[in-house]
Amino acid sequence: MEILSYGFMQRAVVTGIAISMLAGVISVFVVLRRVSFVGSGISHAAFGGVAIGFLAGVNPVITAMIYSILVAFGIEKISSKGRVAEDTAIGVFFSSSMALGIVLISLSKNYNVDLFGYLFGSILAISESEMWLTIAATVVILAVIMMIMKELLFTTFNEELAIVSGIPTRLIKSLFLLSMAVAIVISIKVVGIILVSALLVIPGAVAQLLSRSFYPMMLMSCAVALFSTIAGLYLSYQFDLSPGGTIVLIITALFFAAFLRARK
Amino acid sequence: MVALEIRELSVTLSGKEILKDINLSLEEGKFLGIVGPNGSGKTTFLKSILGLIKPLAEMVRVLGKSSEECLREGVFGYVPQHLNLDIHFPARAIDVVTMGLYGRLGFFRWPSKKDKEKASEYIELIGMSGHENFPFGEMSGGEQQRISIARALVSNPKILILDEPSTGIDVVGQEDFYHLLKGFQKRFGLTIIMVSHDIGAVTAYVDEIACLNKILYYHGAPLGALDENVLERLYGKNVDILIHSDVCDKCERLRK
């Protein structure tokens, strides 16, 4: 327990708990809606947004959030026209946003920027204001998801049936996309751009392997995210490992354990 | 009252004309069967009624209203042909039936105990009691179809719309199935619109039949659809139809 006496560890644990709840809830829908590649695309695109922040001297989390939301809706808009497949649209935004990021950062000549922190997470370096920003964003997103939870579940089950039942599916899908984009950018603090999709996908995947109905799946997903984050933080402190990488490895181990169990 | 009034309905999707100049009117409480070959526009016709495809508003009136108003009021119960559902989708039969009530509940409101009881009641009604907690994705095609009907009926719709509901059900099961629908029609005063590729089986249960293949070839009493001229125009030449009805159509035709 002595590790909790450090201020940076307290902030890391609180931020980690908030993000686990967020990832646990969002990842259930990421898995059921089969949009894990969209999540991966959005997180990599966030790199472009981070670079814009560096260059403009604005908090990179803010610019990354705006940029990622635009990219999320850009992917949706382009693929919904039917001429370009969704994975193609993601591929385009994914790489071009990273390219934009690299160019902007080389332009800024500011090599002091903590690029590594954004790419692989920097949960141990979180400031108090960042912690509060994370908590606030988590509360807002979870409230939105709670509001539309059953409508989103029905839309995921079958969109046409949801429409016939009088559910505004367009609004529901947009709210989810928005929540997912914000959740991704917020989670980048913990595990980084490269690894964030693990946090947004695997808890839901583990939960689906182990549960047969929706609410147990949701609880299981949150539990998996929470356990991995806390255990990852603890192990990374004890053995001086990268916290982001350790968290993702633990989640992955849980996935394979669940997979083997479910196969029986 | 008129349940359905269709005037000069034409639908073109991606440059292809799917439906052309369809006029049809259906009284409330009737059971209408829609038949036609594959790719004849039957599903498009249903989706135009449901407002999932939007033709000009004046072409489709349901209970005197536009499809959009009807969607808001929950007029329709819809059972589509395929759900394209992952077999591991985390929903039990009872969860799926309860979804039928979601549109009425509104944001932030969860199904109450009463809602769940109502869902159980409808599962019993379609003869599936005891299956409430069974994972929906793992059920057989026929069982899923029945649960889907319970889901469509649980919100007390005025019009039940089914797209090829007998797909995946064996012949004996099909007869039970149509019987069940017929019972709901009487019990709830439901108007039923059902697409089927199985013209023979359908004629025995429906009140009216519509033969559709881009244009409407026939609309009227079921036996009239078995007229050789109608069938030949609908399906092409050299079609022999097997009919499961009390009336022996072959004999009737021979007698003529």
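None of these values were measured; they are calculated from a predicted model.

Student: Run through the interface of chain A and chain B, naming residues and quoting values.
Tutor: With 30 residues of chain A in contact, the opposing surface of chain B contributes 33 residues. Inspection of the region where chain A meets chain B yields 3 salt bridges. Between A:Arg212 and B:Glu138 there is a salt bridge; the shortest N-O distance is 3.3 Å. Counting the contacts that link chain A with chain B gives 7 residue pairs in polar contact (both at pLDDT 80 or more). Looking at the side of chain A that touches chain B, the elements that each hand over two or more residues are α6 (128-157), α7 (159-164), α8 (169-210) and α9 (214-239) of chain A. By residue number, the principal contributor to the side of chain A that touches chain B is α6(A), which donates 11 residues. Its residues assigned to classes, the side of chain A that touches chain B shows 19 nonpolar, 6 polar and 5 charged.

Student: Can you break down the packing of aromatic side chains residue by residue, with the values?
Tutor: This model, assessed by the stated rule, comprises 17 aromatic pairs over all chains. Note on B:Tyr122 and B:Phe188: the rings are 6.3 Å apart at their centroids and 20 degrees apart in plane angle, and the pair reads as stacked. Here B:Tyr122, found in helix α5 (residues 113-125), pairs with B:Phe188, found in helix α7 (residues 171-188); they are 66 residues apart in sequence, far enough to count as distant. The class of B:Phe188 is partly exposed, set by a relative accessible area of 34%. Among the aromatic residues, those joined into a cluster by ring pairs are A:Phe29, A:Phe176, A:Phe214, A:Tyr215 and B:Trp110.

Student: An account of empty space enclosed by the protein is needed here, citing residue identities and associated values.
Tutor: In this structure the tally under the stated criterion is 4 cavities of 30 Å³ or more. Here the largest cavity defines a volume of roughly 120 Å³. For the largest cavity, the lining is made up of 13 residues, of which A:Val164, A:Ser165, B:Phe76, B:Gly100 and B:Ser155 are closest to its centre. Listing elements by their share of the lining of the largest cavity, those giving two or more residues are α7 of chain A together with β5 (76-79) and α6 (141-153) of chain B. Of the residues forming the lining of the largest cavity, the biggest block, 3 residues, is contributed by β5(B).

Student: I'd like to hear about the sheet that holds strand β9 (residues 215-220) of chain B, residue by residue, with values.
Tutor: Residue and element names in this part refer to chain B. Strand order in this open sheet of 6 strands is β5-β6-β7-β3-β8-β9, and the pairing throughout is mixed. Edge positions in the sheet fall to β5 and β9, since each has one partner strand and no second. Strand-to-strand twist of the sheet, defined as the mean angle between neighbouring strand axes without regard to direction, takes the value 15 degrees. Bridge analysis of β5 against strand β6 (residues 159-163) gives 4 bridges, and the strand direction is parallel. Paired with tyrosine 78 across the two strands is isoleucine 161, which belongs to β6. Contacting β3 (31-35), β8 (208-213) and β9, helix α9 (residues 228-235) crosses the sheet at an angle of about 35 degrees to β8.

Student: Quick one: what's the story with the domain arrangement of chain B, residue by residue and with numbers?
Tutor: Residues and elements named next belong to chain B. Each assigned domain of chain B is listed here: domain 1 (2-75 + 157-254) and domain 2 (88-156). Listed as interface residues are 19 residues of domain 1 and, on the opposing side, 12 residues of domain 2. Of the roughly 1200 Å² buried where domain 1 meets domain 2, counting both sides, 70% is carbon and sulfur surface. For the domain 1 face of the interface with domain 2, the top three residues by lost area are Pro157, Leu180 and Phe184, together amounting to 39%. Taken together, the connections running from domain 1 to domain 2 amount to 0 salt bridges. At the junction of domain 1 with domain 2, the criterion picks out 0 residue pairs in polar contact (both at pLDDT 80 or more). For the side of domain 1 that touches domain 2, the secondary-structure elements that each account for two or more residues are β6 and α7. Examining the composition of the side of domain 1 that touches domain 2, we find that 7 residues originate from one element, α7, more than from any other.

Student: Lay out the confidence of the model for chain B with the relevant residues and their values.
Tutor: With 90% of its residues at a pLDDT of at least 70, chain B reaches an overall mean of 85. Helix α3 (residues 93-99) of chain B holds the highest mean pLDDT among the elements of chain B, 96, whereas helix α10 (residues 249-255) of chain B holds the lowest, 54.

The rules behind each value
Residues numbered from 1 in each chain as written. Chains lettered and ligands numbered in written order. Predicted model: local features only at pLDDT ≥ 70, side-chain atom pairs only at ≥ 80, totals over all residues. Heavy atoms only, no water. Contact = heavy atoms within 4.5 Å. Salt bridge = Lys/Arg side-chain N within 4 Å of Asp/Glu carboxyl O. Polar contact = N/O pair within 3.5 Å; in protein donor to acceptor, adjacent residues only side chain to side chain. Helix = DSSP H or I, 4+ residues; strand = E, 2+ residues; numbered from the N terminus. Nonpolar A, V, L, I, M, F, W, Y, C, P; charged D, E, K, R; others polar. Phe/Tyr/Trp six-rings, centres within 6.5 Å; stacked < 30°, edge-to-face > 60°. Buried < 20%, exposed > 50% of the residue type's maximum accessible area, 1.4 Å probe, protein only. 1 Å grid on protein atoms, 1.4 Å probe; cavity = no way out; pocket = protein on both sides within 12 Å on 5 of 7 lines; lining within 4 Å. Points joined across faces, edges and corners; volume = space filled by probe spheres on them. Pairing = 2+ DSSP bridges. Axes fitted to C-alpha atoms, helices over the stretch in contact; angles between N-to-C directions. Domains from an automatic or database assignment. Buried area = accessible area lost by both parts, 1.4 Å probe. pLDDT = per-residue confidence, 0-100.

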